Amino acid sequence: MIIGSYKKNMVEKKAVIIANWKMHKTSREADDFVRKLASHARSIPAQVMIAAPFTAIAAASMAASGTNVLIGAQNMSPFAEGPYTGEVSARMLREIGVRFVLLGHSERRRLFFETNETIRQKVERAVVEGIQPVLCIGETLEERESGKTGQVLTEQMRACLEGLSSEDLRTLVIAYEPIWAIGKVAATPEAAEAAHLDCRQFLQEKWGEETALQTPILYGGSVNPKNIKELLKQPNIDGALVGHASLDVETFVQLIKG
Ligand code: 13P
């Protein structure tokens with residue numbers, strides 16, 4: 001039984017809104033976006049974070065410096081360093097201003113064959129290197145229709161967080177992104193809430209109440225300025241992971257202002 005929620009845990013917490021730019025924006029475009037966003041940042045009632053493509057991270061970080069906008073990456077190597085052609089390490093990312101990293105996004109699982117085990121290694125690496133892990137989980141339409149949503153989500157969390165202690169999970173963020181909702185139509189607030197509650201309950205069973213209550217659980221999948229408000233009203237939806245509605249700065253500002 002859950003007796004509290006992230007939002008109401010001790011002090012009222014701000015919603016966490018993460019932009020996932022995916023494979024969009026050059027350095028110059030990122031710089032321009034972040035400057036415009038930062039001019040609104042003080043009046044924004046949310047913790048705003050941007051997951052930029054590798055090549056745009058340095059420019060985005062520079063533009064965000066001195067503001068409360070955090071910059072992160074969309075992927076990271078599970079290895080510290082070594083002969084891993086094409087990989088980018090946590091240390092490299094930290095040096096250019098990365099504060100958090102998206103791990104296990106369904107596009108990486110589906111198109112680049114990432115397994116729960118690789119994702120687990122990446123989460124562990126992020127924890128060791130002091131980068132905040134944002135673990136993405138979500139079910140397919142088929143899994144939902146056969147009533148397996150809760151089971152799929154808890155299995156992904158179990159496998160991707162195996163061996164980590166509640167201390168390790170202090171900075172964890174969970175992003176629930178139903179695969180059928182990405183780039184299509186958002187889950188209803190009630191369906192999303194039910195899935196978030198399953199996640200929160202699993203965190204509590206496995207790592208205790210403190211971890212369950214301090215972990216923001218974000219919803220992702222066709223979030224836009226029109227549906228964000230209803231989603232955030234749900235007791236266990238602590239923020240959003242936003243794809244296409246994060247690409248245009250005016251739309252994104254409208255979204256984060258609620
Ligand atoms: P959309 O907001 O474009 O549906 O993308 C969601 C997503 O995958 C964010 O990580």
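Up top you'll find the structure we're talking about.
Criteria and cut-off values
- Residues numbered from 1 in each chain as written.
- Predicted model: local features only at pLDDT ≥ 70, side-chain atom pairs only at ≥ 80, totals over all residues.
- Heavy atoms only, no water.
- Pairing = 2+ DSSP bridges.
- Helix = DSSP H or I, 4+ residues; strand = E, 2+ residues; numbered from the N terminus.
- Axes fitted to C-alpha atoms, helices over the stretch in contact; angles between N-to-C directions.
- Contact = heavy atoms within 4.5 Å.
- Buried < 20%, exposed > 50% of the residue type's maximum accessible area, 1.4 Å probe, protein only.
- Parallel < 35°, antiparallel > 145°, perpendicular 65-115°, else oblique.
- Nonpolar A, V, L, I, M, F, W, Y, C, P; charged D, E, K, R; others polar.
- Near = heavy atom within 4 Å.
- Polar contact = N/O pair within 3.5 Å; in protein donor to acceptor, adjacent residues only side chain to side chain.
- Areas by Shrake-Rupley, 256 points an atom, 1.4 Å probe, with all protein chains shown as cover.
- Core = buried A, V, L, I, M, F, W, Y, C linked by side-chain atoms within 4.5 Å.

Draft legend 1. The sheet that holds strand S2 (residues 46-51), seen in detail. Reading around the barrel, the 8 strands line up as S1-S2-S3-S4-S5-S6-S7-S8 and close back on themselves, with parallel pairing between neighbours. The average angle at which neighbouring strand axes cross in this sheet is 25 degrees, direction not considered. Bridging between strand S3 (residues 70-73) and strand S4 (residues 100-103) involves 2 bridges; their strand directions are parallel. Bridge pairing in S4 links Ala-73 to Val-101. In this fold helix H11 (residues 249-256) packs onto strand S1 (15-20), S2 and strand S8 (239-242), with an angle of close to 160 degrees to the strand it touches most, S1.

Draft legend 2. Just the pairing of S8, in detail. Of the two faces of S8, both are covered, the one formed by Gly-239 and Leu-241 as well as the one formed by Ala-240 and Val-242. For S1 and S8, the ladder comprises 4 bridges, and the chain directions are parallel. By the bridge assignment for S8, Ile-18 is matched with Leu-241. Here 3 bridges tie strand S7 (residues 217-220) to S8, and the two strands are oriented parallel to one another. Paired with Tyr-219 across the strands is Ala-240, a residue of S8.

Draft legend 3. Quick look at the packing of helix H5 (residues 116-129) against helix H7 (residues 149-161). Packing of H5 against H7 brings their axes to within 7 Å, and their N-to-C directions diverge by 55 degrees. Relative to H7, the element H5 is oriented oblique. For the pair formed by H5 and H7, the contact residues are Asn-116, Ile-119, Arg-120 and Val-123 on the first element and Gln-156, Ala-159, Cys-160 and Leu-161 on the second. Class assignment of the residues belonging to the contact of H5 with H7 gives a composition of 5 nonpolar, 2 polar and 1 charged.

Draft legend 4. Examining the environment of Trp-207 more closely. Within the fold, Trp-207 resides in helix H8 (residues 189-207). Note on Trp-207: relative accessible area 13%, which makes it buried. Note: C-alpha distance between Trp-207 and Phe-112 (95 residues apart in sequence) is 30 Å. Apart from residues no more than four positions distant in its own chain, Trp-207 is found in contact with Leu-161, Leu-164, Ser-165, Ser-166, Leu-169 and Phe-202.

Draft legend 5. Structural detail: the site of the ligand. In the neighbourhood of the ligand, the contacting residues comprise Asn-20, Lys-22, His-105, Glu-177, Ile-182, Gly-183, Gly-221, Ser-222, Leu-241, Gly-243 and His-244. The contact in question runs from an oxygen atom of the ligand to an N or O atom on the side chain of Asn-20, over 2.9 Å. In isolation the ligand exposes 300 Å². Once the protein is present, 98% of that is buried.

Draft legend 6. Representation of the nonpolar core within the structure. In terms of nonpolar packing, the biggest core is built from 67 residues, with Leu-37, Ile-50, Leu-161 and Tyr-219 touching the most fellow members. Aside from chain neighbours lying at most four places away, what touches Tyr-219 is Tyr-176, Pro-178, Ala-181, Ala-186, Ala-187, Ala-192, His-196, Leu-231, Ile-237, Gly-239, Ala-240 and Leu-241. In terms of nonpolar packing, the next biggest core, distinct from the first, is built from 14 residues, Val-16, Leu-70, Val-134 and Ala-175 among them.

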